[in-house]
Amino acid sequence: YMMAWFYKIINYFTTMSIEQSAVLFPVFMFALTVIAFFLFVKEAFSENLGHLKASIIALISSLFFSIIPSLLPRTIAGIPEKESAAFLFMFLSFYFFIKAWRSKTTKSSIFLGLLAGLATGAMALSWGGAIYVFDTISITLLIAFIIGKMDMNKVYSTSIWFAVSILLMTVFTAGRYLSFLQNIQGLLPLLIIVSALFSLVVYPKISHRYKDKKIILNLPPPIFSILVVSILAVIVIGIIVGPSFIISNINSVKDNIIQPIRDRLGVTVAENRQPFFTEWGSDFGPYIKGIPVYFWLFFIGSAYLFWNMLSQLNKKNRYILVLSYVVFLLAIIFSRYSPSSIFNGTNLASTSFYVIGVLLLLGTFWNYYYKDYKSNDTDKWKNIEIGIILIFSFFILAILGARSAVRLIMLLGPPTSIIVGYFVVSLSAHLGAKKENSSKIIPWIVIAIVIVSSMFSAYAFYQGSTNLARGYAPNIYTQQWQKAMSWVRDSTPPDAVFSHWWDYGYWVQSIGERATVLDGGNAIAYWNHFMGRYALTGTSDRAALEFLYAHNVTHFLIDSTDIGKYSAFSTIGSDENYDRASWIASFEKNSQNSRETK
């Protein structure tokens, strides 16, 4: 719909074909996305650092965001992917959410919450990656609620955001997104909202009535409220739906963290494959003597941001919390290092390292927070900025995404750009302001290393994106497809039905203008199994023809790249014992030992 509207709007100003407008669509949308990204980053830091520093951070972050190679396939001219538009709505959601949170009046808070909801709903209608908006805001809300930053204005704006986004998603998809409310990711924002209401309205009455009892006073009000609401929710859901609903959601969360894509169709799609750090870490070079410069910039930069986020705590507690954060970060990144290492992502060592890292951070946070609660000194936690909490939530979720599927590596581009931008500006300002002393040269050396490393990374990203972009220009392969589909349009009847592996479905439909059995939507997944088993790896002509006849197939299409895809469709076409799973190896011709006999 957005591409159709873009075509109609642009033709008010000039004459352009549908194809030309589709070519320009991702570039135009990404230009708007960079503006929204700039506004979001500036808003996230303005409260803490002032408008000038926040603007400089936003500019540097926007530079990296614009040139990082992992985003290029989704935003380049000629590939009208949905992400170029979806990212626009993502950053508008974050921007309006922070604005609503900081609003001083109820009316403006509700209005900005409405805008955040519209943006989130629009993203969900554009791309399923909207789950990252819900997850990021949910984690942000949970942390903010626990440290005591929620009041009624924030409950109002959050409720409006959630209600409007769900309403938009439901109405414009004929209820397809209702299943979203049947898992823990969809229910978490609602759980936090109800818990906040309980804490603000019900808890004061209970605590006053039972002030001499020990049933609630040993826990901070937010924690007590979450426990009560969660227990009630489990009871109600267990009665209405059954306990299997709760168990399946727990297993789903576990699977999403360790191994998110398990089905054959999912894992054989190249961009759905779960990568190792040795694969996705290379996207965040450039390398100097085997060291990925940009990766360590955002790794160290995130620890520096974490340190500054906890500025109200005493130094000892901050040191220990930052150390636990570093271990946590090492655990979620390096617990899936390479298939041949001790940390292969699935063995006991990997899962243990992963779990220990998470528990260490949560346990350290709880230890210091609970101590401050017992001593009635939790106000310092309330000073943690909501924008920084949101950036960290987004960053951690992006790392989990990068280790879960190849196609989600691109999500690390935005938060790492923000962290590197902050690291350059904040560290330079902090070290540069140090008083003159004998070791003055050391801070300037550190500043120089960080700035030069950032400039080197930016230049390498620009060069990498430029070279990568040239590879997306029409090549011999795509020209062959244009000619082949021209023949299809001119030489086959309009009611022809084509059969082939699913990769080519949309090309045959859009360029060849003919119906296909399979396509990239994979709406009926077991048809892929039949195609792989009977048509592409079958041992019986009759079985293959029966499958094709059942779908009124008139033409069968084979592409040279099917040789490399043989492992995919033989795996999907296998039975439960993987009887067909195989691959076609690469062979090299030895001209000296080859003789042509005709």
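I will try to describe carefully the structure that is included in this document. Values in this document were obtained by computation on a predicted structure and should not be read as measured data. (Residues numbered from 1 in each chain as written. Predicted model: local features only at pLDDT ≥ 70, side-chain atom pairs only at ≥ 80, totals over all residues. Heavy atoms only, no water.)

So, the overall build of the protein
Stage number 1. Tallying secondary structure elements over the protein gives 25 helices and 5 strands in all.
Stage number 2. Computed over C-alpha atoms, the radius of gyration of the protein comes to 27 Å, within 12% of the 25 Å expected from 2.2 N^0.38 for 598 residues, which places it in the range of a compact globule.
Stage number 3. Its C-alpha atoms give the protein principal-axis dimensions of roughly 95 × 70 × 60 Å.
Stage number 4. Looking at the protein residue by residue over its 598 residues, the buried ones come to 46%.
Stage number 5. Contacts spanning at least 24 positions in sequence make up 69% of the contacts within the protein whose residues lie at least 6 apart.
Stage number 6. Between the centroid of the 46 positive side chains of the protein and the centroid of its 32 negative side chains there is a distance of 12 Å. (Helix = DSSP H or I, 4+ residues; strand = E, 2+ residues; numbered from the N terminus. Rg over C-alpha atoms; globule rule 2.2 N^0.38 Å. Buried < 20%, exposed > 50% of the residue type's maximum accessible area, 1.4 Å probe, protein only. Contact = heavy atoms within 4.5 Å. Lys, Arg positive; Asp, Glu negative; His and termini not counted. Charge placed at Lys NZ, Arg CZ, Asp CG, Glu CD.)

A look at the sheet that holds strand β4 (residues 515-516)
Stage number 1. Strand order in the open sheet made by the 3 strands is β4-β3-β5, with parallel pairing throughout. Across the chains shown, the open sheet's two edge strands, defined by having one partner strand only, are β4 and β5 (555-556). (Pairing = 2+ DSSP bridges.)

Considerations on the packing of helix α5 (residues 83-102) against helix α7 (residues 131-146)
Stage number 1. At their nearest, the axes of α5 and α7 sit 10 Å apart, and the two run at 25 degrees to each other. Between α5 and α7, the angle is such that the two are roughly parallel. In this structure, α5 crosses over α7, and the sense of that crossing is right-handed. Contacts between α5 and α7 pair Met90, Ser93, Phe94, Phe97 and Trp101 from the former with Tyr132, Val133, Thr136, Ile137, Thr140, Leu141 and Ala144 from the latter.
Stage number 2. Of the residues belonging to the contact of α5 with α7, the class tally is 9 nonpolar, 3 polar and no charged. (Axes fitted to C-alpha atoms, helices over the stretch in contact; angles between N-to-C directions. Parallel < 35°, antiparallel > 145°, perpendicular 65-115°, else oblique. Left-handed = near helix turned anticlockwise from the far one by under 90°. Nonpolar A, V, L, I, M, F, W, Y, C, P; charged D, E, K, R; others polar.)

A closer look at the packing of aromatic side chains
Stage number 1. All chains considered together, the criterion is met by 62 aromatic pairs.
Stage number 2. With a centroid separation of 5.9 Å and 40 degrees between ring planes, the pair formed by Phe97 and Trp101 is classed as tilted. Pair noted here: Phe97 and Trp101 are both in helix α5, with a separation of 4 residues, about one helical turn. Take Phe97 and Trp101: they sit in the same class, and that class is buried.
Stage number 3. Ring plane angle 35 degrees and centroid distance 6.1 Å describe the contact between Tyr370 and Tyr373, whose orientation is recorded as tilted. (Phe/Tyr/Trp six-rings, centres within 6.5 Å; stacked < 30°, edge-to-face > 60°.)

Concerning the packing of helix α23 (residues 525-536) against helix α24 (residues 541-550)
Stage number 1. It is at 8 Å that the axes of α23 and α24 come closest, and there the two elements cross at 145 degrees. Crossing hand, α23 versus α24: left-handed. Of the residues in α24, those in contact with Trp527, Phe530, Met531, Tyr534 and Ala535 of α23 are Ala543, Ala544, Phe547 and Leu548.
Stage number 2. Among the residues making up the contact of α23 with α24, the classes are represented as 9 nonpolar, no polar and no charged.

Examining the pattern of salt bridges
Stage number 1. In this structure the tally under the stated criterion is 13 salt bridges.
Stage number 2. Of the charged contacts, one joins Asp379 and Lys382 as a salt bridge, the two residues approaching to 3.6 Å between their closest N and O atoms. You can see Asp379 and its partner Lys382 sitting in helix α17 (residues 379-382), 3 residues apart, about one turn around the helix.
Stage number 3. The residue Arg542 makes a salt bridge to Glu546 at a minimum N-O spacing of 3.3 Å. Of this pair, Arg542 and Glu546 both sit in helix α24, 4 residues apart, roughly one helical turn.
Stage number 4. Through salt bridges with shared partners, a single network forms among Glu43, Lys99, Arg102 and Glu385. (Salt bridge = Lys/Arg side-chain N within 4 Å of Asp/Glu carboxyl O.)

A short note on unusual backbone geometry
Stage number 1. Cis geometry marks the peptide bond from Gly285 to Pro286; its omega dihedral reads 0 degrees.
Stage number 2. Within the element layout of this structure, Pro286 appears in the loop between α13 (277-280) and β1 (287-288).
Stage number 3. In this structure, Asn522 takes a positive phi of about 50 degrees despite not being glycine.
Stage number 4. Tracing the backbone through its elements, the reader meets Asn522 in the loop between β4 and α23.
Stage number 5. The phi angle at Asn552 is positive, at roughly 60 degrees, despite the residue not being glycine.
Stage number 6. Inspection of the secondary structure assignment puts Asn552 in the loop between α24 and β5.

Structural notes on the side chain of Asp562
Stage number 1. Residue position: Asp562 is located in the loop between β5 and α25 (566-572).
Stage number 2. Nearest to the buried, unbridged Asp562 among oppositely charged side chains is Lys565, at 4.9 Å.
Stage number 3. Every residue in contact with Asp562, bar those within four places of it in the chain, is listed here: Trp501, Tyr504 and Phe569.

With respect to a nonpolar patch on the surface
Stage number 1. Together, Leu227, Ile231, Leu232, Ile235, Val236, Ile239, Ile240 and Val241 give the surface a local cluster of nonpolar side chains, amounting to about 800 Å² of exposed area.
Stage number 2. With respect to the secondary-structure elements, Ile235 resides in helix α10 (residues 221-240).
Stage number 3. With relative accessibility at 46%, the residue Ile235 sits in the partly exposed group. (Patch = residues over 30% accessible without salt bridge, like charges linked within 9 Å, V, L, I, M, F, W, Y side chains within 5 Å. Areas by Shrake-Rupley, 256 points an atom, 1.4 Å probe, with all protein chains shown as cover.)

Some thoughts on helix α19 (residues 413-432)
Stage number 1. Its 20 residues place the ends of α19 28 Å apart at the C-alpha level, agreeing with the 28 Å of an ideal helix rising 1.5 Å per residue.
Stage number 2. For α19, a buried count of 17 out of 20 residues is recorded, marking the element as mostly surrounded by other parts of the structure. (Expected span 1.5 Å × (residues − 1).)

Comments concerning the nonpolar core
Stage number 1. With 126 residues, the main nonpolar core has Phe40, Phe45, Met90, Phe91, Tyr325, Ile333 and Phe395 as its most contacted residues.
Stage number 2. With residues up to four places along the chain from it excluded, the contact list for Phe91 reads Thr33, Ala36, Phe37, Phe40, Phe65, Phe394 and Pro414.
Stage number 3. Core analysis: the second largest hydrophobic core is formed by 20 residues, Met485, Ala496, Val517 and Met531 among them. (Core = buried A, V, L, I, M, F, W, Y, C linked by side-chain atoms within 4.5 Å.)

A closer look at the side chain of Lys380
Stage number 1. Tracing the sequence through the fold places Lys380 in helix α17.
Stage number 2. A polar contact of 3.1 Å, which involves the side chain of Lys380, links it to the side chain of Asp377.
Stage number 3. Setting aside anything within four residues of it in sequence, one finds Lys380 in contact with Gln312, Leu313 and Asp372. (Polar contact = N/O pair within 3.5 Å; in protein donor to acceptor, adjacent residues only side chain to side chain.)

Structural notes on the environment of Leu112
Stage number 1. Tracing the backbone shows Leu112 in helix α6 (residues 106-126).
Stage number 2. Classification of Leu112 as buried rests on a relative accessible area of 15%.
Stage number 3. Taking the C-alpha atoms as reference points, Leu112 and Ile160, 48 residues apart in sequence, are found 9.0 Å from one another.

Structural notes on α10
Three- or four-residue spacings in an α-helix give side chains the same orientation, since the helix completes a turn every 3.6 residues.
Stage number 1. Between its terminal C-alpha atoms α10 stretches 28 Å, which fits the 28 Å expected from 20 residues at 1.5 Å a residue.
Stage number 2. For α10, the complete set of buried residues consists of Pro222, Ile223, Phe224, Ser225, Ile226 and Val229.

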